[in-house]
Amino acid sequence: MSPAPALSSALLAAAIAARGFMPTDEGNGLWDAAMEAGVAVPGSPFLEIGSYCGKSSVWLGAAAQASGTVLFALDHHRGSEENQAGWDHHEADLVDPEIGRMDTLPRFRRTLFDAGLEASVVAVVGDSPTVGRFWTMPLALLFIDGGHGSEPAHRDYEQWAPHVAAGGTLCIHDVFPNPADGGRPPYEIYLRALEDGFADRRAVGSLRVLTRTT
Ligand code: SAH
Ligand code: MG
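About the criteria used
- Residues numbered from 1 in each chain as written.
- Chains lettered and ligands numbered in written order.
- Predicted model: local features only at pLDDT ≥ 70, side-chain atom pairs only at ≥ 80, totals over all residues.
- Heavy atoms only, no water.
- Donors = N, O, S within 2.8 Å, 3.2 Å for Na, K, Ca; no water.
- Helix = DSSP H or I, 4+ residues; strand = E, 2+ residues; numbered from the N terminus.
- Buried < 20%, exposed > 50% of the residue type's maximum accessible area, 1.4 Å probe, protein only.
- Pairing = 2+ DSSP bridges.
- Right-handed = clockwise from strand over helix to strand, strands pointing away.
- Contact = heavy atoms within 4.5 Å.
- Near = heavy atom within 4 Å.
- Polar contact = N/O pair within 3.5 Å; in protein donor to acceptor, adjacent residues only side chain to side chain.
- Areas by Shrake-Rupley, 256 points an atom, 1.4 Å probe, with all protein chains shown as cover.

Asks: What exactly am I supposed to notice about the coordination of the magnesium ion (ligand 2) here?
Replies: Around a metal, the idealised angle for a tetrahedral arrangement of four donor atoms is 109.5 degrees; for an octahedral arrangement of six donor atoms it is 90 or 180 degrees. Bound to the magnesium ion (ligand 2) are the protein donor atoms D145 (OD), H173 (ND1) and D174 (OD), situated 2.1 to 2.2 Å from the metal. We note that the donor set of the magnesium ion (ligand 2) lies within a single chain, spaced as D-x27-H-D. One end of the pair, D145, is in the loop between β6 (139–144) and α6 (150–160); the other, D174, is in the loop between β7 (164–172) and α7 (185–195), and 29 residues separate them in sequence. Of the two residues examined, D145 and D174, each falls in the buried class.

If you want it as structure tokens, here you go:
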């Protein structure tokens, strides 16, 4: 496949400015993957599981806009286990003080507004398995970056990967072949995808990009 066109400098700046957990090289890898997905499966949407404050959503939403499709950005916005107080990835200012729970939805909306991508990114606010139970639409691209524990990661893979269209793209974040570098579940679902007829297309840092071949 020929290389995708570059992301505009304004959108790249918006992605870099956004809060979240997406290194710039890996975000650019998402953009490339999504631009290719828009060509391989024209007209079908993209979906990400785990948007947080919308950082990865800027790269994927920009590619959706350029491809004439949309990104469904799925998150309950209450944070993963690893985002809760006392864990490594907790950011205290994202707690709603009136209810004592995390709420990343306001920051997510602001990120997409600032990027000028509100027309191309549709927030789906809910629990991934609940939404997945009713989802039927084939996807040009699926990005898995939700709960990183064993149960949520395997469940997201089992429930959502079947929705990737033939020739479509599966992206998985935080894949660490070496256990010293990070948790196992994203790596485990990457191995399952290879068993299930997805082929490796690209690796950028901990991002894996695969193509559905069957
Ligand atoms: N992609 C983001 C980081 C995602 S962090 C970035 O670029 O910064 C993981 C996110 O997954 C959190 O926002 C959390 O709320 C969400 N999440 C975890 N489990 C979920 C579930 N069961 N349903 C919906 N969202 C979930
Ligand atoms: Mg991640």
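Asks: Just checking my understanding: could you explain the pairing of β6 for this structure?
Replies: Each regular strand displays side chains that alternate between the two surfaces of the sheet. Where burial is concerned, most of β6 is hidden: six out of the six residues are buried. When strand β1 (residues 46–49) meets β6, the two strands line up parallel, connected through four bridges. For E48, the partnering residue across the bridge sits in β6 and is F143. Examined bridge by bridge, β6 and β7 share five bridges and lie parallel to one another.

Asks: Mind showing me how you'd approach the pairing of β7 here?
Replies: Burial analysis of β7 places seven of its nine residues in the buried class, which makes it a mostly covered element. Considered for its hand, the β-α-β crossover made up of β6, α6 and β7 is right-handed. The pairing of β7 with strand β9 (residues 207–212) spans four bridges and is antiparallel. By the bridge assignment, L170 is partnered in β9 with L210.

Asks: What should I look at first to understand the environment of G38 in this one?
Replies: Assignment of secondary structure puts G38 in helix α2 (residues 24–40). Considering only alpha carbons, one finds G38 and L71, 33 residues apart in sequence, at a separation of 11 Å. In this view, G38 contacts F46 and S67; residues no more than four positions away in its chain are not counted.

Asks: I tried to follow the site of ligand 1 on my own but got confused; where do I start?
Replies: Every one of the 22 residues lining ligand 1 counts as a neighbour, but F21, D75, D127, S128 and D145 are closest to it. One of the backbone N or O atoms of G79 is found 2.9 Å from an oxygen atom in ligand 1. Coverage of ligand 1 by the protein chains reaches 95% of its 580 Å² of free accessible surface. Within the residue set of the shell around ligand 1, elements represented by two or more residues are α3 (55–67) and α5 (128–134).

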